[in-house]
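Here's the letter readout for the chains.
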Amino acid sequence: MKQITLYKSWLDLDKYQFKVLVMIAALAQEKRGFRGKLKDMCNFLNMTHRENIKKAIYELQDKGLINASLDGYTWTISLTEIAEDSDENSITIDLDNFTAIQNYKAADPQNYVAWENILKVFIFLIFTHEDILTYKFIATQLNLSIDVVRRCIVALDTIQFSGMIFFRKKVWKKSPVYNSKFPEFRVIGQRITLGWHWGT
């Protein structure tokens, strides 16, 4: 089964640069890189503005993260060693699971969330060492809004992953209450489990 390798360091990039790197990782043929036209990139990335893609390509070149060449209308793009970072900062998943994230559609259109944001939250959850998480904390780390992070978590809780599990549980804390017979509790965050299912 084809797989895709993603890197923690990519989380620091803007959305267009991030999407281009993910595209290269997903479409590269046996690590030889991506070869295709801007139209192919637009179709994969679900983008209509080609200039945003071209701008991201040139910016990634300037950062030393990709090698890119243009022959007529055909681009050849590959990741550099800098982009591929190190094994301890990488996560490899089945391409089917990435596709499930990319194709996610909220049941309510008002809860729409872009696939690249879901993927960023997914990568963040893989690498975080925090025991208790809040939407605000994740939003701050990824430079996203709290509402976008909430929608991403709902999406990850909804998507049917193959060979992976996603589980979340609210964490409550007892609050001191005076002159009352009944204690009060408040939610202080969530514990989230994201990992591989090794069942038969």
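Look a little higher up for the structure.
Since the model is a prediction, treat every value here as computed from it, not as a measurement.

Reading the values: the criteria
Residues numbered from 1 in each chain as written. Predicted model: local features only at pLDDT ≥ 70, side-chain atom pairs only at ≥ 80, totals over all residues. Heavy atoms only, no water. Core = buried A, V, L, I, M, F, W, Y, C linked by side-chain atoms within 4.5 Å. Buried < 20%, exposed > 50% of the residue type's maximum accessible area, 1.4 Å probe, protein only. Helix = DSSP H or I, 4+ residues; strand = E, 2+ residues; numbered from the N terminus. Pairing = 2+ DSSP bridges. Axes fitted to C-alpha atoms, helices over the stretch in contact; angles between N-to-C directions. Contact = heavy atoms within 4.5 Å.

Asks: How do you make sense of the nonpolar core when you look at a structure like this?
Replies: General note: in soluble globular proteins, nonpolar side chains tend to be found buried as a group. Residues W10, F98 and L119 are the most contacted members of the largest nonpolar core, which totals 62 residues. In terms of residue count, the dominant contributor to this core is helix α6 (residues 115-127) (9 residues).

Asks: Which parts of the structure should I look at to understand the sheet that holds strand β3 (residues 66-71)?
Replies: Taken in spatial order, the 3 strands of this open sheet run β2-β4-β3, and their pairing is antiparallel. The open sheet has two edge strands with one neighbour each: β2 (34-37) and β3. Shown here is a sheet whose adjacent strand axes are inclined to one another by a mean of 20°, direction ignored. Sheet topology note: the β3/strand β4 (residues 74-79) ladder contains 6 bridges and is antiparallel. Note on β4: the bridge partner recorded for D71 is T74. Along the sheet face, helix α1 (residues 15-27) touches β2, β3 and β4 and points at about 90° away from the line of β4. This element, helix α2 (residues 38-45), spans β2 and β4 of the sheet and lies at about 105° to β2.

Asks: Even after reading the chapter, I still don't get the pairing of β2, so can you show me in this structure?
Replies: The side chains of a regular strand alternate between the sheet's two faces. Of the two faces of β2, only the one carrying F34 and G36 is buried; R35 and K37 on the other face are not. Sheet analysis places β2 next to β4, joined by 4 bridges and oriented antiparallel. Bridge assignment links K37 to a residue of β4, and that residue is T74.

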